[in-house]
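# Architecture at a glance
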Amino acid sequence: MLAAYPAPGGLLTWGSSNQGDTFLWTTEGTGPEAWKVTVASRSGDWWHYDAGALQFTADLISGALEPWGLPRVRPEAVALGGEGQTGERAPQADGG
């Protein structure tokens, strides 16, 4: 049974998707650097990712992580201010 933090090994929410998925830490181990990610998807499925929040986010954005029903992340580069920059969107690799 999964318990809420501060119970030992409890779940602590750290983020969510724009479609209702919740990202949590499983607070087992020596401290926050050892906590793994648990995903509670909007479909009711739960799964664990054997790394921390930073690695999970990087892998989700890069496409290295199978999203298992999570919304696809499509990062885009936007130039902001500065000399010679117009604020227009930079072209994307897929031509979008």
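Conventions used here
- Residues numbered from 1 in each chain as written.
- Predicted model: local features only at pLDDT ≥ 70, side-chain atom pairs only at ≥ 80, totals over all residues.
- Heavy atoms only, no water.
- Helix = DSSP H or I, 4+ residues; strand = E, 2+ residues; numbered from the N terminus.
- Pairing = 2+ DSSP bridges.
- Axes fitted to C-alpha atoms, helices over the stretch in contact; angles between N-to-C directions.
- Contact = heavy atoms within 4.5 Å.

On to unusual backbone geometry. A cis geometry characterises the amide bond from Tyr-5 onward to Pro-6, with omega recorded as 25°. Looking at the element boundaries, Pro-6 is found in the segment before strand S1 (11-16).

Okay, the sheet that holds strand S3 (residues 36-40) next. An order of S1-S2-S3-S4 is seen for the 4 strands of this open sheet, with the pairing classed as antiparallel. Of all the strands in the sheet, just S1 and strand S4 (46-49) have a single pairing partner and so form its edges. Put simply, the sheet's adjacent strands are angled 30° from each other on average, direction ignored. When strand S2 (residues 22-26) meets S3, the two strands line up antiparallel, connected through 5 bridges. What sits directly across from Phe-23, in S3, is Val-39. Sitting on the sheet, helix H1 (residues 53-62) touches S1, S2, S3 and S4, and the angle it makes with S4 is about 105°.

By themselves, these observations are geometric and do not establish any function.
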